[in-house]
Amino acid sequence: MEIVTNWMERGMEQGSLQEARSLIKRQLPRRVGELSVPVIAKIDALSVTQLETLAEVLLDFSALSDLETWLVEQEQV
């Protein structure tokens, strides 16, 4: 039973992660313009914690360069 529970928990976590990525990738173009493939790839590589932070800080972005700078900072963490 524990194996099934762990499997279900991982599946739910993965689903939540996908939903967070999807929402952020829908919000960002409205805020900063069209996203390039490399930028999308960097967003897809973010952890849950980084995605949560991005969901908050994207409200302060006014240009694509703001997002790109933030993503570079995350690579250095």
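How each quantity is defined
- Residues numbered from 1 in each chain as written.
- Predicted model: local features only at pLDDT ≥ 70, side-chain atom pairs only at ≥ 80, totals over all residues.
- Heavy atoms only, no water.
- Axes fitted to C-alpha atoms, helices over the stretch in contact; angles between N-to-C directions.
- Helix = DSSP H or I, 4+ residues; strand = E, 2+ residues; numbered from the N terminus.
- Parallel < 35°, antiparallel > 145°, perpendicular 65-115°, else oblique.
- Left-handed = near helix turned anticlockwise from the far one by under 90°.
- Contact = heavy atoms within 4.5 Å.
- Nonpolar A, V, L, I, M, F, W, Y, C, P; charged D, E, K, R; others polar.

1. Re the packing of helix α3 (residues 48-57) against helix α4 (residues 64-75)
- Interaxial distance between α3 and α4 falls to 12 Å at its minimum, and their mutual angle equals 155°. It follows that α3 is roughly antiparallel to α4 by the angle criterion. The handedness of the crossing between α3 and α4 comes out as right-handed. For the pair formed by α3 and α4, the contact residues are Gln50, Thr53, Leu54 and Val57 on the first element and Leu67, Trp70 and Gln74 on the second.
- Among the residues making up the contact of α3 with α4, the classes are represented as four nonpolar, three polar and no charged.

Honestly, it's all geometry; don't read function into it.
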